[in-house]
Amino acid sequence: MCQLVSEYQEKEFHLRQAIKRQTFYPKILALAILLIPSVPTLILHGPLAWLGIWLKGLMMASPFVLVAGAAWFQTRQYRKTRKGRQAIDALKLRLPLIGPVLGKLSLAKFCRALAALYKAGIGYAQALPLSADACGNEAIGEGLRAAVPRVEQGEKLSEVFRRVPHFHPMVLQVVMTGEETGNLDTMLDKVADYFESEAETSIHQMTVTIGPILLILAGILVGIRVIGFYTGMLDIPVE
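All values derive from a computational prediction rather than experimental measurement.

S.K.: For a nonpolar patch on the surface, give the residues involved together with the corresponding values.
M.R.: On the surface, Leu91, Leu95, Leu97 and Ile98 cluster together into a nonpolar patch covering about 370 Å² of accessible area. Residue position: Ile98 is located in helix α4 (residues 98-119).

S.K.: Could you give an account of the pattern of salt bridges, naming the residues involved and the relevant values?
M.R.: Going through the model one piece at a time under the given rule, you end up with 14 salt bridges. Glu142 is paired through a salt bridge with Arg82; the nearest N and O atoms lie 4.0 Å apart. Taken as a pair, Glu142 in helix α6 (residues 138-146) and Arg82 in helix α3 (residues 82-93) lie far apart in primary sequence, 60 residues in all. Glu142 sits in the partly exposed class, given a relative accessible area of 22%. Given a relative accessible area of 48%, Arg82 falls into the partly exposed group. Ionic pairing is found between Arg112 and Glu196, a salt bridge with its closest N-O pair at 2.9 Å. Taken together, the positions of Arg112 in helix α4 and Glu196 in helix α10 (residues 184-234) put the pair 84 residues apart, joining distant regions of the chain. The residues Arg112 and Glu196 share a single accessibility class, namely buried. Within this structure, Arg82, Asp133, Glu138, Glu142 and Arg145 form a network of salt bridges that share partners.

S.K.: So what's going on with helix α9 (residues 169-181)? Which residues, and what values?
M.R.: Helix length check: α9, at 13 residues, gives a terminal C-alpha distance of 19 Å against a target of 18 Å (1.5 Å per residue), a fit within 8%. Val171, Leu172, Val174, Val175 and Gly178 are the residues of α9 that are buried. Buried residues of α9 fall within an arc of 165 degrees about the axis and therefore sit on the same side. Those residues of α9 that are exposed and aimed more than 90 degrees away from the buried face are Pro169, Glu180 and Thr181. The first or second residue beyond α9 is Gly182, which carries a positive phi of 85 degrees.

S.K.: Tell me about α6, and name the residues and values.
M.R.: Across the nine residues that make up α6, a large majority, seven, are buried. The elements touched by buried residues of α6 are α3, α4, α5 (124-134), α7 (148-152) and α8 (157-161). Two to three positions downstream of the cap, the backbone nitrogen of Ala139 sits 3.0 Å from a side-chain oxygen, assigning the N-cap of α6 to Asn137.

S.K.: An account of the packing of aromatic side chains is requested, with residue identities and associated values reported.
M.R.: Under the defined criterion, the tally for this structure stands at five aromatic pairs. Centroid distance Phe110 to Phe167: 5.9 Å. Interplanar angle 75 degrees. Geometry classified as edge-to-face. Of this pair, Phe110 sits in helix α4 while Phe167 sits in the loop between α8 and α9; the two residues are 57 residues apart in sequence, bridging distant segments of the chain. Owing to a relative accessible area of 0%, Phe110 belongs among the buried residues under this scheme. The class for Phe167 is buried, based on a relative accessible area of 11%. A network of ring pairs unites the aromatic residues Phe110, Phe161 and Phe167 as a single cluster.

About the thresholds
Residues numbered from 1 in each chain as written. Predicted model: local features only at pLDDT ≥ 70, side-chain atom pairs only at ≥ 80, totals over all residues. Heavy atoms only, no water. Patch = residues over 30% accessible without salt bridge, like charges linked within 9 Å, V, L, I, M, F, W, Y side chains within 5 Å. Areas by Shrake-Rupley, 256 points an atom, 1.4 Å probe, with all protein chains shown as cover. Salt bridge = Lys/Arg side-chain N within 4 Å of Asp/Glu carboxyl O. Helix = DSSP H or I, 4+ residues; strand = E, 2+ residues; numbered from the N terminus. Buried < 20%, exposed > 50% of the residue type's maximum accessible area, 1.4 Å probe, protein only. Expected span 1.5 Å × (residues − 1). Arc of directions from axis to C-beta. Contact = heavy atoms within 4.5 Å. Polar contact = N/O pair within 3.5 Å; in protein donor to acceptor, adjacent residues only side chain to side chain. Phe/Tyr/Trp six-rings, centres within 6.5 Å; stacked < 30°, edge-to-face > 60°.

The values reported here are purely geometric and, on their own, carry no functional implication.
Dropping the structure here:
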């Protein structure tokens, strides 16, 4: 059992590290874009003038920051309720581009946890709610927990999962095959590997796409600052 838990945690760690690696470059570019407009001021006029520009910018943006902070606080309070978590997580799954990735990651975590619990000899009725908690998405997890009574009544997992919202058809096929062949844990591990690989590939594709866009945006900002600098130097006041 300890070995299974260790293997599960190790795979979860590797998945989190892979996501961090894939998203590191766009984060650096986004930070650079925020800093670029104020770099000429820092070079030409020193840190005090640079700090003054940032303070002025913060003061001008303060109404938007307050509105965003209030919205964030309300969302956080709403998420503390079960209904709020379900609504927000369901919304995440519907987001363009990122939604399918989040769905695959959640199902990968669920399949991995269910496989580990099944290997440990834990029954479906006990393993299902624990695996639902491990999936990391309340919209999917609530549907899985609601299916526990049908599992306790002896219904097959493949039939139960068919009624769970946001569930991928591939998981249904894998579970059905695993029930027929008797190697459900192996099949679940394989589908978890597949979803993790698909999610990593999707994240990599998004970062590869976003990277050049951010670079172009950074180049445009640099160009605007350079043109503004030389235009200011050549601007001769007319008496």
